[in-house]
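Now for the letters of each chain:
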Amino acid sequence: MENLKIRYIDTRKIGTVSGVKVPVKKGYKIVVEDEEKGEDIVEVLGYSREESKNGIQPRFVRVANKRDLEIFKKNMRESERAFEICKEKIKEHGLDMHLLKAYIPLNRKKVFFYYLAEERVDFRNLVRDLAKIFKRRIEMRQIGVRDAVQMKGWIGRCMRETCCSQFMENFQSISLRDITEQNLPLSPSKFTGPCGRLVCCMAFERENYLLKILFPEPGTKLCYNKQEVTLLEVDPLRETVVLQYDELGKKVELGVRDMLPKGYEKALEHCRSCQFCCRRVYEEATEHEIVKSSAE
């Protein structure tokens, strides 16, 4: 059964709706319901056979009608006013928080305020003031820097709109290991996105470098054609390896098929379906122990 991919207006998060029996197209506005916001309007992205990747699965209610869209526009205007009022109240209370957005869902029972803060903020007095003004329940939501970029939209180093604000459903963990595995210069600043974290698109390249998992680390001694050789380099994109004969010092480039047993493709398929790698887990644990020992 095909699912419907939708985007929330406030957070720009992508959700998955199933059981939609009426025809809809990309760009349509529909009404969905979840426990957090109740009924709300979302934008249709299109049909998909994929299940939800982030657990966001609201219930389909109806295609947005004229009255729904009128309420939605009214809520957007009131949300802008709520944003300005909340900013002034934050200044009055001297709170160390950066307000990003105010949002009133379709059912108008709550007002959501999304903000960034480096530390936990005591906003109890702020909430009391806002509740008196808006006569609704106030929801303060602290979000991370990646969620903030997804919500507001930004231009990445590639001079295109960031992936998170276009199509990403969830954030994957990116580490320095991704830089080294992809043979990139170990300069994190060159691969940092507008959120200040390593760019998410590195995760998209991981499958192209899975071939390295089947080989030991460069510098490892191997036996090839009954001779001792040193593995110098593995190039997954060209599917080649570079060996050096220890006695002669001669370097040779071979195809991976000359080094790996028949049927190694099955091992790669297993790696694609597995979220963890023994080598990666071991090395990350080792790095953690090194950092811990240095701190002590």
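By convention here, each chain's residues receive numbers from 1 onward along its written sequence. Given that this is a predicted model, residues contribute local features only at a pLDDT of at least 70 and side-chain atom pairs are listed and counted only at 80 or more, while totals for whole chains, interfaces and linings are drawn from all residues. To get the side-chain values, take all heavy atoms of the structure and skip hydrogens and water.

What makes two strands pair is DSSP finding at least two bridges between them. Counting from the N terminus, the helices are DSSP H or I runs at least four residues long and the strands are E runs at least two residues long. Read across the sheet, 3 strands follow the order 6-7-8 without closing on themselves; strand pairing throughout is mixed. The two strands at the open ends of the sheet, each matched to only one other strand, are strand 6 (98-103) and strand 8 (137-142). Within this sheet the neighbouring strands show an average axis-to-axis angle of 25°, counted without direction. Relative to strand 8, strand 7 (residues 110-116) runs parallel, the two sharing 6 bridges. Paired with Phe113 across the strands is Met140, a residue of strand 8. Lying on the sheet, helix 2 (residues 124-134) is in contact with strand 7 and strand 8; it crosses strand 8 at an angle near 140°. Against the sheet, helix 3 (residues 145-152) touches strand 6 and strand 7, its axis set at about 50° to strand 6. Lines are fitted to the C-alpha atoms to define the axes, a helix being fitted only along its stretch in contact, and any angle between axes, read from their N-to-C directions, falls within 0 to 180 degrees. By definition, residues are in contact when any of their heavy atoms lie within 4.5 Å.

Domain delimitation follows an automatic or database domain assignment. According to the domain assignment, the protein chain consists of domain 1 (3-65), domain 2 (70-146) and domain 3 (215-260). Here the C-alpha centroids of domain 1 and domain 2 sit 24 Å apart. For salt bridges, the criterion is a side-chain nitrogen of Lys or Arg within 4 Å of an Asp or Glu carboxyl oxygen. Our count for the contact surface shared by domain 1 and domain 2 stands at 1 salt bridge. The closest approach of N and O atoms between Glu36 and Arg141, which form a salt bridge, is 2.5 Å.

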